Amino acid sequence: MSAVSDFSDLIGRNLAEQPGYAALQSQLEAFYFLEADLLDNRRYRAWLELLADDLIYYMPMRANVPLAHDRSDEFTTVGEGIHWFENDKWTVIKRVEQIETGIHYAEEPLSRITHMISNVRIVDANPDLETAQQIAVTNRFLLYQNRIVDDTTTFVGRRHDRLRQNAGTGWQIHFREVIIEQGILQAKNITNFF
Amino acid sequence: MEHSNLKTLVDADNGMISREIFTSPAIYKRELESLFTRTWLFVGHESLIPNPGDFYLSRMGEESVILCRDRTGEVHVFLNSCTHRGMKVCRYDKGNAKVFTCPYHAWSFALDGSLQGIPHFDDLYDGVLDPDDWSLLEVDRMAVYKGTIWASWDKDAPNFETYLGDAKLHLDMTLDCRDGRSGGSEVIGVHRWKFPANWKFAAENFLGDSYHNHSHGSVDAIGIGPSARSGVKGRRDDEMRAAQHIWISFPEGHGVHSAIEHPDAEFIDSYLDQPEIGAYFRNCYEERRRRLGDEAQLIPFTGTIFPNTSYHGRQPRGLCAWHPHSSGETEGWRFFLVDTDAPTAVKDFLRHYYMRYSGPAGMTEQDDMENWLYASAASKGTIAKRLKLNYQQSMGAAKLNDPLPGLVATQMSEHMARGYYTRWRDYLEGRDWNQLLGVGDPRFSDGEPVTKAGRA
Ligand code: FES
Ligand SMILES: [Fe+2]
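Here we summarise the structure given alongside this text. (Residues numbered from 1 in each chain as written. Chains lettered and ligands numbered in written order. Predicted model: local features only at pLDDT ≥ 70, side-chain atom pairs only at ≥ 80, totals over all residues. Heavy atoms only, no water.)

Topic: the coordination of the iron ion (ligand 2)
All names here are of chain B.
1) Next: His212 (NE2), His216 (NE2), Asp368 (OD) and Asp368 (OD) make up the full set of protein donors to the iron ion (ligand 2), lying at 2.1 to 2.6 Å.
2) Next: Every donor counted, the four donor atoms about the iron ion (ligand 2) form angles of 55 to 147 degrees at the centre, which fits irregular coordination.
3) Next: The motif formed by the donor residues of the iron ion (ligand 2), counted along the single chain, is H-x3-H-x151-D. A residue pair is termed long-range when its members are at least 10 positions apart, and His216 in the loop between helix 7 (199-206) and helix 8 (217-222) and Asp368 in helix 11 (residues 365-377) qualify at 152 residues.
4) Next: In this structure His216 comes out as buried when scored by relative accessible area, which is 2%. (Donors = N, O, S within 2.8 Å, 3.2 Å for Na, K, Ca; no water. Tetrahedral: all angles 85-135°; square planar, octahedral: opposite > 155°, others 65-115°. Helix = DSSP H or I, 4+ residues; strand = E, 2+ residues; numbered from the N terminus. Buried < 20%, exposed > 50% of the residue type's maximum accessible area, 1.4 Å probe, protein only.)

Given below as C-alpha cells:
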C-alpha cells in the first residue's frame, strides 16, 4: 500500500526536460479537464468510467505536529485507521447511487460545483514518458461548492494520482490521495467528489 | 436571564421548547458559564495517550485542554492557556513531550502541570513569584472510565459513576468488548469538523430520536451496511429486528435507545460481506450470552450522556463530543472504537464501514448534518422564533423502571428530550447538584404527566 501512496520521493522530480513530457502532460490535462467537466455537469456514471476497478481513493486527516515529525504523524496513512474517507470503487459507486436516489438530502437539491484543476505535473512514468503505461501525477484543485442559498464551501488542495493505460478504456485512475489544507475540517460535509 | 423566562423557554410538561435555546447568543453564553463549567465532559480515551509524555489536545466547552500522561503514568487534563499571559501553551494536536514550553516567554510546565522553568527567574522574580502558585490550571475532577477520560470544572460535582446513574449500563455496552468482557476498547481515529448548527441538535439526535429514520432513506435504499456487498439493503445489519426496542430517559438528563432481545434469541446473521467477520461476531455474541447470562439480552443502539457526549453502541461504534463554538456553530469530534484485541481483519473491516457511515463524508451522517444546519438556520427568523418547537411525541407513554431503571418507553418517544431539556434548564438556573441529578424530579416518582396539550 505504501509503495502506491508514497509520493514523497517523487515530489522533487522534474521530468519536464525529458522527451515526451509535453505531449503526455497535455494528454493528462485533457483527461483532468474532462474529469472536471463530467463531475461539474453531474455525469457521474461517465466519470466512474475513468476510475479503475482496483481504485483506492482516500482523503487523509491531518494534525498539527512538530516540524521534526515524519509524515505519518501529520497525515493519516492509507490502509490504516480512519480518514475523512477511504473508498474503493464499490463505495464510490454507492455514493453515486445515493445521489441518484433523489432523497439524499445533503445533495438534494444538488450542490452547484466547479472544479479548477492546475499545476499538473507528471512525476513518474513507466516504462518511460513516450510509451507510458503507468504514471504518477500531482496537481492542485480548487473546488467551489454552493447549495440551497448561501451554504458555500471552498475546498483547496492537492491530488496525488496514479493512473494506468488500459486497453480499450485509455487512462484510468487507480490511486488518488486528496490532501486538503485543513486539520479540523471547516466544512459540514464532504458530499462531492474531488 | 430570569428564571421565569427560562421556564417559558422549556415547557416540558406540554412538550414545547422555544427556538431561542438553539439560536440566542445570550442563552449560549449562559450555557458556557452555567453548564459547561459544571457537567462531566468527555475529553478523550487512554489509547490516544498510551505512554508517559504522550499528549492529545482536546476541548471542554469552547476551550482547548491538554490531555496528557505524566512520567508516572497518571492522566491529567489542563486548560491550554499559559498562566503567565494567556498564550496557548500547546499548539500541537498530539505528540510526546518532556515539558510544555510556552512559545511566548518560554515558561515551561512539567507533565503534571507544575511550572518548572521561568527564564531569568533569579533576576526578575525571586522573592516575588512562587512557581507553585502558577501551575497550569488542572480540571477539578477527572475520571478514567473503561478507557474513556472525563473531566469537570466543578469541584463539587458528584463522582462520575454517580453522574452517569443508570445510563451506565447502556454506555458500558459501547465501551465493553463485544464478547462481554468489561472495557477493552481502543480509538482507531478521530474525526474533527466544524458545522453551522447549534450543538444541542446533535446531542438530542442521539438521545434516541429514532423518528428521524426518514432522513436516511437514501442509504437504506441502496444499502451501505456490513452486508451490503451481499445485496442486503439498509445502513446497518438489522441486528435488532427481533428485539423489543426501548427508549429511556434518566434523571441526570441522559437518554438512550437500546433494545432487549428475547431470552432464547440467537445471533442474527450479519457481516455477510466477509464470512469470517460474521463468524467472529457470532462467536462474540455467543460468548457474551454465556458470560453475562440474562443481562446479555440488553443490546445498545444510541445514547447521549448529558450534555454533549453521544454514542453509537454497535454498527457503527463510537463516541461523539459536540463541542460548542457559538450558538450557531459546533465542532463535532467522533472517536471510532474497536475492541483492542480484535483480529486485524475485523478492525480493517470495521474502519471501512465506519468511514462510509460516519462523519462529514459519511453517507448516513451527511444527511444528519443537513438537518441540523437548516433547523438551526430556519429557526432564527423573527417570525420563526414566535413558534415553539414540538416535542410532544409519546407524551405520558413511558413507564417508570419497567423493565429497566429509568423512564422507559416501548414505542418511539421524545420523553428523553423532554427530560434532557428539563435538566438543561436546571443548569442554566444554577440549581444545586441534587437537582442537577434529578433528585425530586416528579417524573421519576410519579411518571411523566399526560397533559391536555399532549393529548388534546
Ligand atoms: S504567555 Fe506563556 S510564558 Fe508568557
Ligand atoms: Fe441520523
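Here's the deal with the packing of aromatic side chains
All names here are of chain A.
1) Next: For the coordinates displayed, the defined rule picks out 40 aromatic pairs over all chains.
2) Next: Pairing Trp47 with Phe193 gives two aromatic rings, centres 4.7 Å apart and planes at 40 degrees, and the pair type is tilted. One end of the pair, Trp47, is in helix 3 (residues 44-48); the other, Phe193, is in the segment after strand 6 (170-180), and 146 residues separate them in sequence. In terms of burial, Trp47 and Phe193 fall into one category: buried. (Phe/Tyr/Trp six-rings, centres within 6.5 Å; stacked < 30°, edge-to-face > 60°.)

Comments concerning the nonpolar core
One recurring pattern in soluble globular proteins is that nonpolar side chains are buried together.
1) Next: Core analysis: the largest hydrophobic core is formed by 153 residues, its most contacted members being Ile135 and Phe194 of chain A together with Trp322, Tyr421 and Trp424 of chain B.
2) Next: Of the residues forming this core, the biggest block, eight residues, is contributed by helix 2 (residues 21-40) of chain A.
3) Next: Among the nonpolar cores identified, the runner-up in size contains 19 residues, and Val89, Leu111, Ile118 and Leu136 of chain B belong to it. (Core = buried A, V, L, I, M, F, W, Y, C linked by side-chain atoms within 4.5 Å.)

Remarks on the sheet that holds strand 4 (residues 54-60) of chain B
Working definition: the strands of a sheet are paired by backbone hydrogen bonds and lie parallel or antiparallel to each other.
Residue and element names in this part refer to chain B.
1) Next: Read across the sheet, four strands follow the order 6-5-4-7 without closing on themselves; strand pairing throughout is antiparallel. With partners counted over all chains shown, the strands left at the sheet margins are strand 6 (75-79) and strand 7 (94-96), one partner each. Shown here is a sheet whose adjacent strand axes are inclined to one another by a mean of 30 degrees, direction ignored.
2) Next: With six bridges joining them, strand 4 and strand 5 (residues 63-69) adopt antiparallel strand pairing. Across the sheet, Ser58 pairs through a bridge with Val65, a residue of strand 5. (Pairing = 2+ DSSP bridges. Axes fitted to C-alpha atoms, helices over the stretch in contact; angles between N-to-C directions.)

Observations regarding the sheet that holds strand 3 (residues 112-126) of chain A
All names here are of chain A.
1) Next: Here six strands make up an open sheet; going across it, the order is 2-1-6-5-4-3 and the pairing mixed. A strand with exactly one partner marks an edge of an open sheet, and here the two such strands are strand 2 (85-87) and strand 3. Within the sheet, the average angular offset between the axes of one strand and its neighbour, ignoring direction, is 15 degrees.
2) Next: Relative to strand 2, strand 1 (residues 51-59) is paired through three bridges, and the arrangement is antiparallel. Bridge pairing in strand 2 links Met59 to Phe85.
3) Next: Contacting strand 3, strand 4 (134-147), strand 5 (151-166) and strand 6, helix 2 crosses the sheet at an angle of about 155 degrees to strand 3. (Contact = heavy atoms within 4.5 Å.)

Structural measurements only, silent on function.
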